[in-house]
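# Survey of secondary and tertiary structure
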Amino acid sequence: MKMDKVYSLLGLAVRSRNVVTGNFSTEKAVKKGKAEMVIVSEDASDNTVKMFRNMCDFYGVPMFRYGKKEELGHAMGKEMRTSLAVTNEGFAKSIRKHLEAVEQEDGGSEHGENEST
């Protein structure tokens, strides 16, 4: 199951200190040009999604919607997390590949929805 692979990769990226989590830290990483990709949970508020979509479009960072707050937090060994930024290019490419595979399997509906243009 591809979902497990995404969460495993996120866990590895966190342990190697290549992920920043939380709205403030994610926003800071995007604005400083350190973020390679952003993931926002599917159950994030519309306001949060709109803020990150606009910011990622402006700064040219791919944004995906994936998982629930609890699932993202659990994968990182933390509480609930609404947003995160992957700061390592290698991890970002690998996670993106798996997210796009999930998107194709599900028809882009439930998991791995790519918000970037």
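Criteria and thresholds
- Residues numbered from 1 in each chain as written.
- Predicted model: local features only at pLDDT ≥ 70, side-chain atom pairs only at ≥ 80, totals over all residues.
- Heavy atoms only, no water.
- Buried < 20%, exposed > 50% of the residue type's maximum accessible area, 1.4 Å probe, protein only.
- Helix = DSSP H or I, 4+ residues; strand = E, 2+ residues; numbered from the N terminus.
- Pairing = 2+ DSSP bridges.
- Axes fitted to C-alpha atoms, helices over the stretch in contact; angles between N-to-C directions.
- Parallel < 35°, antiparallel > 145°, perpendicular 65-115°, else oblique.
- Left-handed = near helix turned anticlockwise from the far one by under 90°.
- Contact = heavy atoms within 4.5 Å.
- Nonpolar A, V, L, I, M, F, W, Y, C, P; charged D, E, K, R; others polar.
- Phe/Tyr/Trp six-rings, centres within 6.5 Å; stacked < 30°, edge-to-face > 60°.

### With respect to the pairing of strand β4 (residues 83–86)
Looking down a regular strand, the side chains alternate between one sheet face and the other. Residue alternation in β4 divides its side chains into two sets, Ser 83 and Ala 85 and Leu 84 and Val 86, and both sets are buried. When strand β2 (residues 37–40) meets β4, the two strands line up antiparallel, connected through four bridges. Across the sheet, residue Met 37 finds its bridge partner in β4, namely Val 86.

### Section: the packing of helix α2 (residues 23–31) against helix α3 (residues 46–59)
To characterise two packed helices, one gives the angle between the axes of the helices and the distance between these axes. For the pair α2 and α3, the least separation of the axes is 10 Å and the interaxial angle reads 15°. Relative to α3, α2 is oriented roughly parallel. Seen along the crossing, α2 lies across α3 with a hand that is left-handed. Where α2 abuts α3, its residues Asn 23, Thr 26, Glu 27, Val 30 and Lys 31 lie against Thr 48, Met 51, Phe 52, Met 55 and Tyr 59. Considering only residue class, the contact of α2 with α3 consists of five nonpolar, three polar and two charged.

### Quick word on the packing of aromatic side chains
Tallied over the full model, the rule gives two aromatic pairs. On the basis of an interplanar angle of 50° and a centroid distance of 5.4 Å, the ring pair of Tyr 7 and Tyr 66 is categorised as tilted. Pair noted here: Tyr 7 is in helix α1 (residues 2–15) and Tyr 66 is in the loop between β3 (63–65) and α4 (69–75), with a separation of 59 residues, a long-range link. According to the relative accessible area criterion, Tyr 7 is buried, its value standing at 14%. Their ring planes at 80° and their centres at 5.0 Å tell us that Phe 58 and Tyr 59 sit as a pair that is edge-to-face.

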